[in-house]
Amino acid sequence: MSVTSYGKINKLGDSSPEQTRFDPDRGCCRCHIQNEILVRLDRLAKRTGRSKTFYVTEAILDHLEDLEDAYLAERELAAIRAGRSTTTPLADVMKRYGMES
């Protein structure tokens, strides 16, 4: 799938009803997708009547938060190991918030 931006009109490279429209809240992104994945995406879009763009956006949103969490956790772990950040024992956190068991 290819998404190309022409000024303020986005032309989507699929046969969706969203083919050409003005939308100031949307950007565009161009990526290369393996044919095997593109065939599956085409099939899904045709079977459901939704655009390929819809499913690509859904897939990104489903995984973006996980990726953000993983990279932020890795960065924090590096800061802890380098002595730039500290940890708090779980028992102390539970006590602080009245969750002692």
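Residues numbered from 1 in each chain as written. Predicted model: local features only at pLDDT ≥ 70, side-chain atom pairs only at ≥ 80, totals over all residues. Heavy atoms only, no water.

Caption draft 1: Structural detail: the overall build of the protein chain. If you tally the helices and strands in the protein chain, you get three helices and three strands. Shown N-terminal to C-terminal, the secondary structure of the protein chain runs as helices and strands in the order β-β-β-α-α-α. As presented, the protein chain carries roughly 8,400 Å² of accessible surface, and 53% of it is formed by carbon and sulfur atoms. (Helix = DSSP H or I, 4+ residues; strand = E, 2+ residues; numbered from the N terminus. Areas by Shrake-Rupley, 256 points an atom, 1.4 Å probe, with all protein chains shown as cover.)

Caption draft 2: Fine view of the packing of aromatic side chains. All told, the structure shown has one aromatic pair when counted by the stated rule. Arranged with centres 5.0 Å apart and planes meeting at 85 degrees, the rings of F54 and Y55 form a pair that is edge-to-face. Positioned above the aromatic ring of F54 is the side chain of R50, whose terminal nitrogen or guanidinium carbon lies 4.2 Å from the ring centre. (Phe/Tyr/Trp six-rings, centres within 6.5 Å; stacked < 30°, edge-to-face > 60°. Lys NZ or Arg CZ within 6 Å of the ring centre and 35° of its normal.)

Caption draft 3: Representation of the state of the cysteines. One pass over the structure, following the stated rule, counts zero disulfides. Of all cysteine sulfurs, the one in C29 lies closest to C31, which takes part in no disulfide; the gap is 5.3 Å. (Disulfide = S-S within 2.5 Å.)

Caption draft 4: Local environment of the pattern of salt bridges. Tallied over the entire structure, the rule returns one salt bridge. Note that D42 and K52 form a salt bridge whose closest N and O atoms lie 3.0 Å from each other. Here the residue D42 occupies a position in helix α1 (residues 35–48), and K52 occupies one in helix α2 (residues 52–81), the gap between them amounting to ten residues. Since its relative accessible area comes to 25%, D42 is described here as partly exposed. Look at K52 and you get buried, because its relative accessible area is 12%. (Salt bridge = Lys/Arg side-chain N within 4 Å of Asp/Glu carboxyl O. Buried < 20%, exposed > 50% of the residue type's maximum accessible area, 1.4 Å probe, protein only.)

So far we have only geometry, and geometry alone does not tell us how the molecule works.
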